[in-house]
Each structure stands twice: as C-alpha cells, then as structure tokens.
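Observations on the model geometry
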Amino acid sequence: TVPLVTLNYAFHGGASQDDAEKTGAANLAADLLDEGAGDIDGKTFHERMENRAIELGFQVGRDEFHGSLRALNEHRDEAFELLRLALNAPRFDADAVERVRGQEISMLQRDSSNPNTIASQRWWATAFPDHPYGRETKGTVESLPRITADDLRDYVRRTFARARLTVSIVG
C-alpha cells in the first residue's frame, strides 16, 4: 500500500581491503559517494536527492561494503540513476575529499576518549594482531591524510563488481 521501493546491497570487500598504511580508505570512499558523480557536482547531487526524497546510504564493515536506496516509486528511475552514478562514476573532488576527511579526523579525535571505542579498538587489535581485522575500519588520525583520490578510485574499482554483489529489493 505504500508506493516505496527499498534496495539493500553489499559488495564483498570492506575495510579489510585497505592498505595497512592507508586504513580508512574504504570508509572515506563510502562517505564521499554522494558528494558528486559523473557530471553532477556534490551540491546538485544532494539537491536532486532532496527534491525527490531519495535516500542513499553507504557504509563499510570489515568484510563488506553495504549500501541502501529508498525512494518513492514515482522517483525510482532517478533514484536508480543517482545510485548508478555514485557507484560507477564517483567524482572524489578535492574540496569534498578534504572536507569529509576533516570531518572524519574530528570524529576520530572525539572518539579517542570514548571508553567503548577504546575497548573495541583494543579488542580487535588483540584478537587479530598483524591482520587487517585488527586495524581500524575508520582509519586513524595518521592514516587519513595519506589517502588520495586515486586510492579511493582504486578501492571502488577493485570492490564494486557484479561478481562480488548481493542485492535485495522490496517494492
């Protein structure tokens, strides 16, 4: 009865794919996918989503990159086009990369005094020493500045492939 379409998907290959010196690359890429794609700049991309009540979400786990889309059925074509562009032609413009990187570094600094975050980080590092699971999925204050737009493009190129994709859709 609700004219809504919801899509959830996952690509195998999350933060464990990050280079040890550039942890947080997958997470940074996820945070930047709706900051412009194809010939659409970040501001226009967000306006198109907002004007049509389209929700796109991207997050990274250790083993998978998860995404979601939610839109009214009448706007599904535009929603799927924006998702297609975000996954296939992300821009990773320099100004957006720097702005989002700064936000991520601020969150990491804030989390550095959170007891739950500290306990979780120590558990993963102790349980999985010398393994990608022992590294921080969001990166570190030291690793995030090392990540370039080319690193983000490389992550997308290596991870976003049909053979690595699982999809569920309702609507």
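As a reminder, the structure under discussion sits directly above these lines.
Predicted, not measured: the structure shown is a model, and the values here were computed from it.

1. What about the overall build of the protein chain?
From N to C terminus, the protein chain includes six helices and six strands. Seen in sequence order, the protein chain has helices and strands lined up from the N terminus as β-α-β-β-α-β-β-α-α-α-α-β. For 171 residues, the compact-globule estimate of 2.2 N^0.38 gives 16 Å, and the C-alpha radius of gyration of the protein chain, at 17 Å, lies within 12% of that figure. Projected onto the principal axes, the alpha-carbon positions of the protein chain cover approximately 50 × 35 × 30 Å. Sorting the 171 residues of the protein chain into buried and exposed places 39% on the buried side. For the protein chain, long-range pairs separated by at least 24 residues make up 80% of all intrachain contacts whose partners lie at least 6 apart in sequence. As presented, the protein chain carries roughly 9600 Å² of accessible surface, and 48% of it is formed by carbon and sulfur atoms. Of note, the protein chain has its 21 positive side-chain charges centred 2 Å away from the centre of its 28 negative side-chain charges.

2. Quick look at the pattern of salt bridges
Applying the stated rule across the entire model yields 13 salt bridges. Note that Arg 146 and Glu 21 form a salt bridge whose closest N and O atoms lie 3.6 Å from each other. Placement of the pair is Arg 146 in the loop between helix H5 (115-127) and helix H6 (149-159) and Glu 21 in the loop between strand E1 (4-12) and helix H1 (25-32), with a sequence separation of 125 residues. Two residues, Asp 154 and Arg 157, come together in a salt bridge whose shortest N-O distance is 2.3 Å. Of the two residues, Asp 154 and Arg 157 both sit in helix H6, three residues apart, roughly one turn of that helix. Residue class for Arg 157 comes out exposed when judged on its relative accessible area of 58%.

3. Overview of the layout of surface pockets
Taken as a whole, the largest pocket holds about 290 Å³ of empty space. The wall of the largest pocket is formed by 13 residues, among which Phe 11, Leu 83, Leu 87, Asn 88 and Leu 165 lie closest to the centre. Contributing elements (two or more residues each) for the lining of the largest pocket: E1, helix H3 (76-88) and strand E6 (165-170). At five residues, the largest contribution of residues to the lining of the largest pocket is made by H3.

4. Some thoughts on helix H2 (residues 42-51)
Among all positions in H2, only Gly 42, Phe 45 and Met 49 are buried. Axial view of H2: buried residues confined to an arc of 65°, hence all on one face. Away from its buried face by more than 90 degrees, H2 exposes Lys 43, Glu 50 and Asn 51. Contact partners of the buried residues in H2: strand E2 (36-37), strand E3 (40-41), strand E4 (55-60) and H3. A distance of 3.3 Å separates the backbone nitrogen of Lys 43 from a side-chain oxygen at the start of H2, and that oxygen is part of Asp 41. Positive phi appears at Ala 53, one or two residues downstream of H2, with a value of about 55°.

5. Observations regarding the nonpolar core
It is characteristic of soluble globular proteins that their nonpolar side chains tend to be buried jointly. Ranked by internal contacts, the top residues of the largest apolar core, which has 41 residues, are Leu 33, Leu 56, Phe 58, Phe 65 and Leu 87. Listing elements by their share of this core, those giving two or more residues are E1, H1, H2, E4, strand E5 (64-72), H3, helix H4 (94-111) and H6. Those residues in contact with Phe 58 that lie beyond four places of it in its chain are Tyr 9, Ala 30, Leu 33, Asp 34, Phe 65, His 66, Gly 67, Leu 83, Ala 86 and Leu 87.

6. Concerning H5
Here H5 contains 13 residues, and its C-alpha end-to-end distance of 18 Å stays within 8% of the 18 Å for a straight helix at 1.5 Å per residue. Regarding H5, its N-cap is Asn 114, as a side-chain oxygen of that residue lies 2.8 Å from the backbone nitrogen of Asn 116 further along.

Thresholds, definitions, all that
- Residues numbered from 1 in each chain as written.
- Predicted model: local features only at pLDDT ≥ 70, side-chain atom pairs only at ≥ 80, totals over all residues.
- Heavy atoms only, no water.
- Helix = DSSP H or I, 4+ residues; strand = E, 2+ residues; numbered from the N terminus.
- Rg over C-alpha atoms; globule rule 2.2 N^0.38 Å.
- Buried < 20%, exposed > 50% of the residue type's maximum accessible area, 1.4 Å probe, protein only.
- Contact = heavy atoms within 4.5 Å.
- Areas by Shrake-Rupley, 256 points an atom, 1.4 Å probe, with all protein chains shown as cover.
- Lys, Arg positive; Asp, Glu negative; His and termini not counted.
- Charge placed at Lys NZ, Arg CZ, Asp CG, Glu CD.
- Salt bridge = Lys/Arg side-chain N within 4 Å of Asp/Glu carboxyl O.
- 1 Å grid on protein atoms, 1.4 Å probe; cavity = no way out; pocket = protein on both sides within 12 Å on 5 of 7 lines; lining within 4 Å.
- Points joined across faces, edges and corners; volume = space filled by probe spheres on them.
- Arc of directions from axis to C-beta.
- Polar contact = N/O pair within 3.5 Å; in protein donor to acceptor, adjacent residues only side chain to side chain.
- Core = buried A, V, L, I, M, F, W, Y, C linked by side-chain atoms within 4.5 Å.
- Expected span 1.5 Å × (residues − 1).

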